[in-house]
Amino acid sequence: CVCVCVCNVVPRLSGEHVTSPSDSWHHTAFFVLGHGHSQAAATIQPEEKERIGRFVFAVDAKLAMGGRLLIRRAVCDVVGVDNRDVVLTRSKERKPFLKEPRSSEFPLFNFNVSHAGDYVMLVSSPSHIIGVDVADIRRPNSQSVDEFFRLMKRQFTPAEWVSIKQPANELDRLHMFYRHWSLKESYIKAVGVGLALDLQRLEFSSDPTLTTDSAASMCTEATLRIDGHLDTTWKFAQCYLDAEHCVAVALGPPPNGISDYLSTIGIKPPEAEADAPAAVGTVASSSTYRALDAQLIAQQLKKPFETLTVDELLESASAIGSVDDEPYWEQFASRIEKPSRR
């Protein structure tokens, strides 16, 4: 089966009020999608259903469906609305975002999805820019690890390559590579600039306490340097889901809003404050965004994942379309699972 995880490192919303963060922050993992869950397609928008229906392989369709179900579940749980009222759309860079309903108190409510291997992940926040990346740690199919590293040379700084190549064991070097890669991906997905950013401007140090033996334990000691300068305003969490999948979550400071993101959803970007540090790809915002204590954020990022069933994922998802579209679900469920590996 495909494992779907959602990680809400946010205070739960109730109307326009924020409940106590110490009570309401959580990380949750869902396992989805098998035969007998045809109602899943009825809980997403028609254009989402059509797009997912075009996938050739079942694994891609499942991951896409899982991502959509997670987004809608996160919006309903965090914003406190019915699934039928949730309208999702995409930015010009094809990044999904919540079009309706918008929160006037939390105009930066945002989420991010990532999938690799057997997992699809979602993170969301009403007040902090957030990003996630899950990496599938497997040996390259048609090339050596050294050749793979050579092709990726420009994506890391010299100091990062020293860390990546430090282990004597080849598999351990691959693990270090993907720990650093997922950190970079989580950051650029959070700020919304994509791979157009020169990744050598970003220099990460992976959390030294992160090991496959501590699967599901969130480690929060990773650091980021931008253009050589240590940036302490961003917080990062890393964990292993299992021996072959590592995850990185990037949580940006409320004073930094993404101008492109705000413009996309129809909100005029605030004027930059003269003394506010701006992250790569962001513009400093006014102080209207609620600042949460950095120490509390770090504590909450350490919370482990929980596991829920498919039924728990769908139990509160009101149907948008027909629940009797058996031909669609039969096509969904009858695909070849995945391309054969050579």
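To start, this report covers the structure provided alongside it. The numbers attached to residues start from 1 for each chain and follow its sequence in the written order. Totals for whole chains, interfaces and linings use every residue, but because this is a predicted model, local features are given only for residues with pLDDT of at least 70 and side-chain atom pairs only at 80 or more, for both listing and counting. To obtain the side-chain values, all non-hydrogen atoms of the structure were used and water was disregarded.

1. With respect to the overall build of the protein chain
Now for step 1: Secondary structure elements follow DSSP: runs of H or I no shorter than four residues count as helices, runs of E no shorter than two count as strands, and numbering proceeds from the N terminus. On a plain count of helices and strands, the protein chain comes out with eleven helices and 17 strands.
Now for step 2: For the exposure calls, accessible area comes from a 1.4 Å probe over protein chains only, and a residue counts as buried if that area is under 20% of its type's maximum, exposed if over 50%, partly exposed in between. When the 342 residues of the protein chain are sorted by exposure, 53% land in the buried category.

2. Let's talk about helix α4 (residues 58–80)
Think of an α-helix as 3.6 residues a turn; residues three or four steps apart then line up on the same face.
Now for step 1: Given a helix with a known number of residues, its expected span is that number minus one, times 1.5 Å. Under the 1.5 Å per step criterion, the end-to-end length of α4 is 32 Å for 23 residues, consistent within 8% with the ideal 33 Å.
Now for step 2: Most of α4 sits inside the fold, with 20 of its 23 residues counted as buried.

3. Regarding the packing of aromatic side chains
Now for step 1: Classification of ring pairs uses Phe, Tyr and Trp, with its six-membered ring standing for Trp, and accepts pairs whose centres are within 6.5 Å; under 30 degrees between planes counts as stacked, over 60 as edge-to-face, and the remaining range as tilted. Under the counting rule described, the total for this entry stands at 14 aromatic pairs.
Now for step 2: Note that K49 overlies the ring of Y328, its terminal NZ or CZ placed 4.8 Å from the centroid.
Now for step 3: Residue placement shows K165 over the ring face of W161; its charged tip is 5.2 Å from the ring centre. Put simply, a charge is over a ring when the Lys NZ or the Arg CZ is close to the ring centre, within 6 Å, and near the line of the ring normal, within 35 degrees.

4. Description of empty space enclosed by the protein
Now for step 1: Here a cavity means grid points, on a 1 Å grid over the protein atoms only, where a 1.4 Å probe fits yet cannot get out; a pocket means an open set of points with protein on both sides within 12 Å along at least five of seven lines; lining residues are those with an atom within 4 Å of a point. Grid points are joined across faces, edges and corners, and a volume is the space filled by probe spheres set on the points. Inspection of every chain in the model, using the stated rule, returns two cavities of 30 Å³ or more.
Now for step 2: Taken as a whole, the largest cavity spans an internal volume of roughly 70 Å³.
Now for step 3: Around the largest cavity, the lining residues are T43, L69, R72, R73, C76, N83, L313, L314, S316 and A317.
Now for step 4: The set of elements that each furnish at least two residues to the lining of the largest cavity consists of α4 and α10 (310–314).
Now for step 5: Nonpolar residues are Ala, Val, Leu, Ile, Met, Phe, Trp, Tyr, Cys and Pro. Charged residues are Asp, Glu, Lys and Arg, and all others, Gly as well, are polar. Among the residues making up the lining of the largest cavity, the classes are represented as five nonpolar, three polar and two charged.

5. Thoughts on the pattern of salt bridges
Now for step 1: Within this document, salt bridges are pairs made up of a side-chain nitrogen of Lys or Arg and a carboxyl oxygen of Asp or Glu, the two lying within 4 Å of each other. Per the stated rule, a full pass over the model turns up eleven salt bridges.
Now for step 2: As a salt-bridge pair, E50 and R54 come within 3.6 Å of each other at their nearest N and O atoms.
Now for step 3: On the basis of relative accessibility, which here comes to 52%, the residue E50 falls in the exposed class.
Now for step 4: Assessed through its relative accessible area of 56%, R54 is described here as exposed.
Now for step 5: The shortest N-O distance in the salt bridge between E147 and R150 comes to 2.7 Å. With E147 and R150 both in helix α5 (residues 145–151), this residue pair falls three residues apart, about one helical turn.
Now for step 6: Accessibility expressed as a relative area gives 52% for R150, which makes it exposed.

6. Quick word on the side chain of E160
Now for step 1: Tracing the backbone shows E160 in helix α6 (residues 158–164).
Now for step 2: At 2.8 Å, the side chain of E160 and the backbone nitrogen of T157 are in polar contact.
Now for step 3: Throughout, a contact is declared for two residues whenever any of their heavy atoms are within 4.5 Å. Beyond its immediate stretch of four places on either side in the chain, E160 contacts Q155, H180, K184, L202, E203 and F204. In the analysis that follows, any N or O atom pair within 3.5 Å is treated as a polar contact, provided that within protein one partner can donate a hydrogen and the other can accept it, and provided that, for residues neighboring in sequence, both atoms belong to side chains.

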